[in-house]
Amino acid sequence: MVVEVAIFDIVPGQEDDFAAAYEQGHHVLASTPGCHGVRMTRGIETPTRFILIVEWDSVQAHTQNFRESERFGVWRGLIGPYFATPPLMEHFIDVTAGAPVEEASLGH
């Protein structure tokens, strides 16, 4: 399992519109093959900052099944107009106590 974390800084005053766009487009992301869960959170100290957390089968599931598909254009078309800055996005894997992190588990 790979976790995608994306940080969105939204134009001040447009937070509710961004949240509505996310709600409208949630299914586009959540129904992508290889996607196991989607969650959006909003900052308390910085209410213009939102964090998207998506669980994927692998990095390839994210890049090939979503980013390289028409789904991404639909998704970005809905939420993109509210970005104050380009989003930051990274992939992560769980760390288990006592288990080595292997390159193969990163989906390379």
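Above this note sits the structure.
Residues numbered from 1 in each chain as written. Predicted model: local features only at pLDDT ≥ 70, side-chain atom pairs only at ≥ 80, totals over all residues. Heavy atoms only, no water.

**Q** An account of the sheet that holds strand β2 (residues 35-42) is requested, with residue identities and associated values reported.
**A** Strand pairs in the sheet, formed through backbone hydrogen bonds, run parallel or antiparallel to each other. One open sheet holds the 4 strands; their spatial order is β2-β3-β1-β4, and the pairing between them is antiparallel. Among the strands making up the open sheet, the edge pair consists of β2 and β4 (88-92). The mean inter-strand angle of the sheet, taken between neighbouring strand axes irrespective of direction, is 15 degrees. Across 8 bridges, strand β1 (residues 2-9) lies against strand β3 (residues 49-56) in antiparallel orientation. Bridge assignment links Val 3 to a residue of β3, and that residue is Glu 55. Of the strands in this sheet, β1, β2 and β3 are in contact with helix α1 (residues 15-30), which crosses β2 at around 175 degrees. Taken strand by strand, helix α2 (residues 59-67) contacts β1, β3 and β4, and its axis lies near 135 degrees from that of β4. (Pairing = 2+ DSSP bridges. Helix = DSSP H or I, 4+ residues; strand = E, 2+ residues; numbered from the N terminus. Axes fitted to C-alpha atoms, helices over the stretch in contact; angles between N-to-C directions. Contact = heavy atoms within 4.5 Å.)

**Q** So what's going on with the nonpolar core? Residues and values would help.
**A** With 22 residues, the main nonpolar core has Phe 8, Phe 18, Leu 29, Leu 52 and Trp 75 as its most contacted residues. Elements with a contribution of two residues or more to this core: β1, α1, β2, β3, α2 and α3 (70-79). At 5 residues, α1 tops the list of elements feeding residues into this core. (Core = buried A, V, L, I, M, F, W, Y, C linked by side-chain atoms within 4.5 Å. Buried < 20%, exposed > 50% of the residue type's maximum accessible area, 1.4 Å probe, protein only.)

**Q** Which residues make up the packing of aromatic side chains, and what are the values?
**A** What the rule picks out here adds up to 7 aromatic pairs. Clustering of aromatic rings is evident, with ring pairs tying together Tyr 22, Trp 56, Phe 66, Phe 72 and Trp 75. (Phe/Tyr/Trp six-rings, centres within 6.5 Å; stacked < 30°, edge-to-face > 60°.)

**Q** Explain the layout of surface pockets to me, and be specific about the residues and the numbers.
**A** Roughly 190 Å³ of internal volume is contained in the largest pocket. Looking at the largest pocket, it is lined by 15 residues, and the ones nearest its centre are Glu 4, Phe 8, Arg 67, Phe 72 and Arg 76. Elements that contribute at least two residues to the lining of the largest pocket include exactly β1, α2 and α3. Ranked by residue count, the leading element in the lining of the largest pocket is α3, at 4 residues. A per-class count over the lining of the largest pocket returns 11 nonpolar, 1 polar and 3 charged. (1 Å grid on protein atoms, 1.4 Å probe; cavity = no way out; pocket = protein on both sides within 12 Å on 5 of 7 lines; lining within 4 Å. Points joined across faces, edges and corners; volume = space filled by probe spheres on them. Nonpolar A, V, L, I, M, F, W, Y, C, P; charged D, E, K, R; others polar.)

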